[in-house]
Amino acid sequence: MAAVKEKRNIRKEIHNKLDDNVMQGALAKFTSEYPQARLKAYANVDSIDDLRDDLRTMKRWSVDHIDALADEFQRSVEERGGKVFRAADGEEVKKILLQICAENGVKRIVKSKSMASEEIKLNGTLEDAGLHVRETDLGEWMLSVAGQKPSHMVMPAIHLNKEQCAGFFEQELHEEVPSDISYMIHTARRVLREEFLSADMGITGANFGIAENGAIGLVTNEGNARLVTTTPRIHVVLIGYEKLIPKVKDAAKILRLLPRNGTCQRMTSYMTMVSGPTPVIYKKEDKWVEEMRKEYVILLDNGRLEAAKDPKMKQVYQCVRCASCLNVCPIWRMVGGHVYGHIYSGGIGAILTGLLGNLEAFSKFSDLCIGCRQCTTICPGEIPIPDLIDELRARYVKKYGLSMPEKTAFQHILTHRKVFHSLLRIGSVAQKPVQSGKFIRHLPLFFSGMTDGRSLPAIAAKPLRDRTEELCRHNPKNPVMTAAFFSGCNMDFVFPDTGESVVKVLQDLNIAVTYPQEQTCCGKPVLGMGDRETGKVIAKQNIEALEAIKADVIISACPTCAETLERTYKELFKDDPEWRDRAAALAGKVREFTSFAAEQYKKQGRSLPQAARGTHITYHDSCHMKRGLGVWEEPRELLKLTGADFVEMKDSDRCCGMAGAFGVKYSEISKPILHDKLENIENTHADMVAVACPACLMQIGGGLNQQNPRIKVKHVADILAECIAER
């Protein structure tokens, strides 16, 4: 893939998409209905995860044997009369195709189901050579007329409505076309049937290519791909190496998942298998003749073979292009696919763009992945999309470095705890002109948009670290264990009252608490931006600080910090035996607060004064909490101990839109996501929403402060501490 040279104004593109009411309505409706529709398609399946495991195992084997698979596939195709070419990149594909066209007198081409041809921008080259090219998939055809790219891998024109589609039909056909779906489909059939019958060549992609017999599979609903493969005298298959699978039986592992995840169907309308040339009747020099159709298969590399040899990135071979990761992505829901700048959109699109030779293009929109991990719960191939994006971010930083502001903030401030904390203390004083209680409700001038519909939290006058000496004097005399409290930045400097609540709950459980004063930021903001070397410096500081305490357990009431300490540090030092072992020892002691507290109350047979009786409480699941740490039942158990009437909210585990720095950097996206969350909270008629994450406390609290102050938001620790105070 050639490097993208055009200058893009991503901000402007985002604002345009947020202001596109047609797209917003279409995506809101689709993403709201998709989860249940998908589950309905799996109603007759005992275990979705078993199907996912089978697919992942097969795809992993395939990528580990990709060279042998490609050789076998080529032999099988050629044994059946086809011809296979191997193209290193898009330019080579174009040369091969133009040569085939020249040798066979091709003038007219029809196309179907080929994202790879979009990837290499094939159509423009063919048209420049004087060839007539027609996309026959309805959505692709309309987009080609509109001069647009697909916004979704399965439903390319999902961002359009029927009125816009009718307009594109009229533009292309020069006739009046009403915005009636049945009429437009009939019109498409009439026009495209002539295209099929007059075409010399059909070009398709493939959902898979079977090494065992050289067949390719096409999963479609319109049936156009079947006509493209059977009516022209020449069929060209453009297929990436990642689509190769070993056996015919392995196709079932894809077909059991792809339609259900992609279009919420148990099976699509058409499942076409093409295995070698077949007879075709066509008009030649004004005479009808019958000949064997010519079949050409072009295996496209374009960075794929290098990815196959990459220990981490080879996991992209597990993708079946169902686009379900887009369907649950909160960012794609807001901005659609075009902002991602290429044929492949969303998180998996960012990865594919980066892998297929364009790391610079990847960097322009890589931070549109907020790491909510919703995609990982639904991906048929179980691809850890956020982890692979983090890996590519790190590779980008290693190759190109950080911007000067980022370098200053990370390498000269966050790595120096005293400097970092001194700046926060200065901020607590400097904010006073715009501070209103615990919030900043309005900011002046060009900062005003940051507080439009959402207050920002104020930095506390007295951080938690200045309070812990007094707090720890109340430790039990005969504790059952000792706990080191890793507060994280937010709980230390923004929500120190919640930090106090954590300490009080632990003390109520007869646990002695210590607060390591040398602890600093967990490093997630730095690591999330791809700066692993600075992340290691910070990680070492925290490991040393926590080791020095020699506590039995390390408690964090921030799921992001807990996940970073428990999992990320081990991965960070995987190639450094000394620090890897120290990180692993530390990880063995780390516990998230609510899961630990619930376990201890149950283990000790303890109850709480039901001080929350009569209060209606709902709960928001933090992304890192539920999908990172696998904790979601325990906070609910604790809330029920308080005597509150618990009310489950719709989409309780959908991201609130904060995602650390994202919520500030992309406030224009963050706030609409927050709006949806607040609406779900309000629909429960709860008096209070509980959270277990400081970042969610910040986002939801800021939104409710301006939009519905009747509803209070509290950390689970605060609610428990209030009950304990009633003893």
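To start, this report covers the structure provided alongside it. The structure displayed is predicted, hence computed values, not measured ones.

On to helix 1 (residues 10–18). Looking at helix 1, one finds that the buried residues are I10, I14, K17 and L18. All buried residues of helix 1 lie within an arc of 100 degrees about the axis, which places them on one face of the element.

Right, let's get into the packing of aromatic side chains. Overall, the coordinates contain eight aromatic pairs when judged by the stated rule. Residues Y340 and F365 carry aromatic rings whose centres are separated by 5.6 Å and whose planes lie at 80 degrees to one another, so their mutual orientation is edge-to-face. Placement of Y340 in the loop between helix 16 (330–335) and helix 17 (346–355) and of F365 in helix 18 (residues 359–365) is noted, with a sequence separation of 25 residues between them. Across the pair, exposure class does not vary: Y340 and F365 are buried alike. In this structure, K83 is placed above the aromatic ring of F85, and the distance from its NZ or CZ to the ring centre is 5.5 Å. Positioned above the aromatic ring of W579, the side-chain terminus of R582 is 4.0 Å from the ring centre.

Position of A215 among the secondary structure elements: in the loop between strand 5 (208–210) and strand 6 (216–220). For A215, a relative accessible area of 2% translates into the label buried. The spacing of A215 and I549 is 334 residues in sequence and 63 Å in space, taken between C-alpha atoms.

Spatially, 1-12-7-4-2-3 is the arrangement adopted by the six strands of the open sheet, whose pairing is parallel. In this open sheet, the two edge strands, each paired with only one partner strand, are strand 1 (83–87) and strand 3 (132–135). Strand-to-strand twist across the sheet, computed as the mean angle between neighbouring axes with direction ignored, equals 20 degrees. Bridge count for strand 4 (residues 201–204) against strand 7 (residues 234–240) is four bridges, and the pairing is parallel. Within the sheet, the bridge partner assigned to T204 lies in strand 7 and is V237. Contacting strand 1, strand 2 (108–112), strand 4, strand 7 and strand 12 (294–300), helix 5 (residues 90–104) crosses the sheet at an angle of about 170 degrees to strand 12.

Thresholds, definitions, all that
- Here the residue numbering is sequential within each chain, running from 1 through the sequence in written order.
- Where totals are concerned, whole chains, interfaces and linings use all residues; where local detail is concerned, this predicted model gives features only for residues with pLDDT of at least 70, and gives and counts side-chain atom pairs only at 80 or more.
- Values reported for side chains reflect all heavy atoms of the structure, with hydrogen atoms and water molecules removed beforehand.
- The buried label goes to any residue with under 20% of its type's maximum accessible area, the exposed label to any with over 50%, and the partly exposed label to all in between, with areas taken from a 1.4 Å probe on protein chains only.
- Segments assigned H or I by DSSP are reported as helices when at least four residues long, segments assigned E as strands when at least two residues long, and all are numbered from the N terminus.
- Working note: the arc is built from the helix axis to C-beta atom directions.
- Two aromatic rings, drawn from Phe, Tyr or Trp (for Trp, its six-membered ring), form a pair once their centres lie within 6.5 Å of each other, and the interplanar angle then sorts them: stacked below 30 degrees, edge-to-face above 60, tilted otherwise.
- Note on geometry: a ring has a charge over it if NZ (lysine) or CZ (arginine) is within 6 Å of the ring centre and within 35 degrees of the ring normal.
- If DSSP finds at least two bridges between two strands, the strands pair.
- Simply put, an axis is a line fit to the C-alpha atoms, just over the touching stretch for a helix, and the angle between two N-to-C directions goes from 0 to 180 degrees.
- Contacts were defined at the residue level, with two residues in contact if any of their heavy atoms lie within 4.5 Å.

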